[in-house]
Amino acid sequence: MSATATLTFTAPSSGRIPGNRAMWVGIFCELTEFALMFAVYFVARAHHPDVFAAGPARLSLLAGTGYTMMLLTSGWCVARALHAMRSSRQQACLRWLAAALLFGLGYPVIKLMEVRWNLAHGLDGSAGAFIVTYYYLTFNHLIHVFWGLLGLGWVMLRTGTGSYSAAEHAGLEAFACYWHTTDIIWLMIFPLFYVLR
């Protein structure tokens, strides 16, 4: 590979889009899906302002904060893994991806505990518009997190088998873009359900 090609690859300001087009199509679809779900949230909030103002007090702020910490820490580990791969440090990349998986798995574990807590406190599908909307958005987000965890397992396998290198790791970049998108969506969900009154 020429020095120019290497420079183009490593310089973020070169105008090159990270990952691949297929992943960006998927990310666009994900953002469109959640934009529609957020529209449902705001329509429901407009029709039931008192219910939505009281809603966050019914949920566990500790669980919401736990999700946020797990996802952001996992995303940071993925960023570190990508940096390690760009520096030709495959083993360091694999260690960072393993850490990302560990923190990422914290999300469904917290979700399981939170759902059990919710049901024990009567927060099921009959608990009103706020709780129904909350389940609607957060369970859809959980599905995207599961897809991300599967993708994380795949890029760990590819990294462990030496399929990526400093010169060619578009698959790892594509995964990182997806995982960070999932984080960003959560950062919009978190205040709407756990904080804003």
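Structure: above.
Now for a description of the structure that goes with this document.

1. With respect to the overall build of the chain
Helix and strand content of the chain: seven helices and zero strands. Walking the chain from its N terminus toward its C terminus, one meets helices and strands in the order α-α-α-α-α-α-α. When burial is assessed residue by residue, the chain has 42% of its 197 residues classed as buried. Within the chain, contacts between residues at least 6 apart in sequence are counted, and of these 82% link residues at least 24 apart. A total accessible area of about 10000 Å² is found for the chain, and carbon and sulfur atoms account for 71% of it. Charge centroids of the chain, computed over 12 positive and 8 negative side chains, lie 9 Å from each other.

2. A few points about the state of the cysteines
Scanning all chains against the criterion turns up zero disulfides. Free of any disulfide, C29 has its nearest cysteine sulfur in C177, 15 Å distant. For C29, a relative accessible area of 45% translates into the label partly exposed. C93 supplies the cysteine sulfur nearest to C77, a cysteine that is in no disulfide, at a spacing of 11 Å.

3. Quick look at a nonpolar patch on the surface
On the surface, L61, V195 and L196 cluster together to form a nonpolar patch covering roughly 240 Å² of accessible area. Tracing the chain through its elements places L196 in the segment after α7 (170–195).

4. Observations concerning unusual backbone geometry
Its identity as a non-glycine residue notwithstanding, S88 has a phi of 65 degrees, on the positive side. Inspection of the secondary structure puts S88 in the loop between α4 (61–86) and α5 (90–120). Under the relative-accessibility criterion, S88 is labelled partly exposed at 46%.

5. Let's talk about the packing of aromatic side chains
For the structure shown, the criterion picks out 18 aromatic pairs. Between F34 and F38, the aromatic rings sit 6.4 Å apart at their centres with planes inclined by 45 degrees, giving tilted as the arrangement. Of the two residues, F34 and F38 both sit in helix α2 (residues 21–47), four residues apart, roughly one turn of that helix. Its relative accessible area of 1% is what places F34 among the buried residues. Considering the side-chain rings of W76 and W96, the 5.1 Å spacing of their centres and the 90 degrees angle between planes classify their relative orientation as edge-to-face. With W76 in helix α4 and W96 in helix α5, this residue pair connects regions lying 20 residues apart in the sequence. Residue placement shows K111 over the ring face of F139; its charged tip is 5.3 Å from the ring centre.

6. Topic: the nonpolar core
As a rule of thumb, soluble globular proteins bury nonpolar side chains together. Among the nonpolar cores identified, the biggest contains 47 residues, and L59, L97, L172, W186, I189, F193 and Y194 are the most heavily contacted of them. When contributions to this core are tallied by element, the ones reaching two or more residues are α2, α4, α5, α6 (129–160) and α7. For L59, the contacting residues outside a window of four places in its chain are W117, N118, L123, F130, I131, Y134, F193 and Y194.

7. Points about the packing of α6 against α7
Axis separation between α6 and α7 bottoms out at 10 Å; the angle between their running directions is 160 degrees. One way to sum up the angle between α6 and α7 is to call them roughly antiparallel. Crossing handedness for the pair α6 and α7: left-handed. Taken together, the residues of the contact of α6 with α7 sort by class into 18 nonpolar, eight polar and no charged.

8. A word on the environment of S163
Along the chain, S163 turns up in the loop between α6 and α7. Taking the C-alpha atoms as reference, S163 lies 17 Å from P18; in sequence the two are 145 residues apart. Residues in contact with S163, not counting those within four places in the same chain, are R158 and E168. Reaching out from S163, the side chain makes a polar contact with the side chain of T161 at a distance of 3.1 Å.

Conventions adopted
- Residues numbered from 1 in each chain as written.
- Predicted model: local features only at pLDDT ≥ 70, side-chain atom pairs only at ≥ 80, totals over all residues.
- Heavy atoms only, no water.
- Helix = DSSP H or I, 4+ residues; strand = E, 2+ residues; numbered from the N terminus.
- Buried < 20%, exposed > 50% of the residue type's maximum accessible area, 1.4 Å probe, protein only.
- Contact = heavy atoms within 4.5 Å.
- Areas by Shrake-Rupley, 256 points an atom, 1.4 Å probe, with all protein chains shown as cover.
- Lys, Arg positive; Asp, Glu negative; His and termini not counted.
- Charge placed at Lys NZ, Arg CZ, Asp CG, Glu CD.
- Disulfide = S-S within 2.5 Å.
- Patch = residues over 30% accessible without salt bridge, like charges linked within 9 Å, V, L, I, M, F, W, Y side chains within 5 Å.
- Salt bridge = Lys/Arg side-chain N within 4 Å of Asp/Glu carboxyl O.
- Phe/Tyr/Trp six-rings, centres within 6.5 Å; stacked < 30°, edge-to-face > 60°.
- Lys NZ or Arg CZ within 6 Å of the ring centre and 35° of its normal.
- Core = buried A, V, L, I, M, F, W, Y, C linked by side-chain atoms within 4.5 Å.
- Axes fitted to C-alpha atoms, helices over the stretch in contact; angles between N-to-C directions.
- Parallel < 35°, antiparallel > 145°, perpendicular 65-115°, else oblique.
- Left-handed = near helix turned anticlockwise from the far one by under 90°.
- Nonpolar A, V, L, I, M, F, W, Y, C, P; charged D, E, K, R; others polar.
- Polar contact = N/O pair within 3.5 Å; in protein donor to acceptor, adjacent residues only side chain to side chain.

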